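The lines below spell out each chain.
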Amino acid sequence: MNRVANKVVLITGAASGVGEADARLLAAEGARVVLTDINEDRGRAVAREIGDAAHFVHHEIGLTADWERAFAETINTFGRLDVLVNNAAICPPGPIDEIDPQTWRETMRINADGYFLGCQFGVRAMKHNPMGGSIVVMSSVAALGGLPSMAAYAASKGAVTALVRSVAAHCKQSGYRIRCNSVHPDGIWTPMTQALVAELDPSALGIGTDPMARICDPLDVAQLVLFLASDESRYINGAELRVDNAQLICAL
Ligand SMILES: NC(=O)c1ccc[n+]([C@@H]2O[C@H](COP(=O)([O-])OP(=O)(O)OC[C@H]3O[C@@H](n4cnc5c(N)ncnc54)[C@H](O)[C@@H]3O)[C@@H](O)[C@H]2O)c1
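Residues numbered from 1 in each chain as written. Predicted model: local features only at pLDDT ≥ 70, side-chain atom pairs only at ≥ 80, totals over all residues. Heavy atoms only, no water.

## Looking at the site of the ligand
Stage number 1. Residues in contact with the ligand amount to 30 residues; listed here are only the nearest, D37, N87, Y153, D186 and T190.
Stage number 2. Measuring from a nitrogen atom of the ligand, one finds a backbone N or O atom of I61 at 3.1 Å.
Stage number 3. One of the side-chain N or O atoms of Y153 is found 2.6 Å from an oxygen atom in the ligand.
Stage number 4. Contributing elements (two or more residues each) for the shell around the ligand: α1 (17-28), α4 (101-126), α6 (151-174), β7 (187-188) and α7 (191-196).
Stage number 5. Among the elements that line the shell around the ligand, the one with the most residues is α7, at 3 residues. (Near = heavy atom within 4 Å. Polar contact = N/O pair within 3.5 Å; in protein donor to acceptor, adjacent residues only side chain to side chain. Helix = DSSP H or I, 4+ residues; strand = E, 2+ residues; numbered from the N terminus.)

## Description of the sheet that holds strand β6 (residues 178-185)
Stage number 1. With respect to topology, 7 strands assemble into an open sheet ordered β3-β2-β1-β4-β5-β6-β9, the strand pairing being parallel. Single-partner strands in this sheet number two, and they are β3 (54-58) and β9 (240-243). Strand after strand, the sheet turns through a mean of 20° between neighbouring axes, direction not considered.
Stage number 2. Pairing of strand β1 (residues 8-12) with strand β4 (residues 83-86), which is carried by 3 bridges, proceeds in the parallel orientation. Pairing of I11 across the sheet is with V85, part of β4. (Pairing = 2+ DSSP bridges. Axes fitted to C-alpha atoms, helices over the stretch in contact; angles between N-to-C directions.)

## Describing helix α2 (residues 40-50)
Stage number 1. Of all the positions in α2, only G43, A45, V46 and A47 are classed as buried.
Stage number 2. At its buried positions, α2 is contacted by α1, β2 (32-37) and β3.
Stage number 3. Capping the start of α2 is the job of one residue whose side-chain oxygen sits 3.2 Å from the backbone nitrogen of R42: N39.
Stage number 4. Of the residues flanking the end of α2, it is G51, one or two places downstream, whose phi is positive at about 105°. (Buried < 20%, exposed > 50% of the residue type's maximum accessible area, 1.4 Å probe, protein only. Contact = heavy atoms within 4.5 Å.)

## Concerning the nonpolar core
Stage number 1. If you look at the biggest cluster of nonpolar residues, it comprises 60 residues, and the most contacted ones within it are L26, V33, L35 and I135.
Stage number 2. When sequence neighbours within four positions are dropped, the list of residues in contact with I135 reads L84, N86, C119, G122, V123, M126, I178, R179, C180 and N181.
Stage number 3. Within the second largest apolar cluster, 5 residues are counted, among which are C91, A142, M150 and A154. (Core = buried A, V, L, I, M, F, W, Y, C linked by side-chain atoms within 4.5 Å.)

## Quick look at the pairing of β3
Stage number 1. Bridge analysis of β2 against β3 gives 5 bridges, and the strand direction is parallel. Bridge assignment links L35 to a residue of β3, and that residue is F56.
Stage number 2. Crossover β2 to β3 through α2 is right-handed. (Right-handed = clockwise from strand over helix to strand, strands pointing away.)

Just distances and angles here, no functional claims.
Here is the structure:
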């Protein structure tokens, strides 16, 4: 308990899936959490369920003005920011010979530009914190191994994975006590996956219990986010951490 006591954490895409699991787990471990999302009804409902330790902000991550408002509300509500979890993303299907340029650009606008804005605002907000901060970037195994059926998504995750290394190195060289790491899940049982593979049966996949399962539960990823948000990971910076049950190695 209290592994992130009194830390203030902003989580994007916290209305569902991994972001929601992050918000619930971090709040249970003592953090005050700012949940942001474009899904206002669901985001507010999750924040209400968490209680006084949670605050919801409507936030489209591709818009600079929305990042300004999200950070201003975080400071007004909880006084500071200690951890940013760049989590919200979209995942449109399309191999390279089929995907249209508009889908490519929209994927990059949200998944790459949105994470760039988050890292920039996050570093500016936390670089003078005496205790520093942590930025967690939700990437994917797609960034490391490619994904034939989702070219734009894989490319956007590759972009933010390289961004993480640059942010981590810059913060270290500048003497900012900010760590920046990327998390690379394979399949997670969330609305994003369910929309893509409606025919999958979670019980057949053994989610949560089967050590050989291909698809995991959002909580399996949230546990790593908790570790990266906490001071337990104070020496881990610029790392790419897979949560994929060796799937990437099997695929290679
Ligand atoms: N589900 C998987 O199998 C899987 C695998 C690898 C990586 N990931 C990554 O994990 C993260 C979370 O995915 P998830 O599976 O929980 O998805 P999800 O669809 O359940 O949740 C994503 C949330 O982001 C929000 N969102 C979408 N576009 C937004 C925008 N422009 N601005 C603000 N919020 C926006 C949605 O409203 C939603 O609440 C994503 O970065 C995703 O790429 C997921």
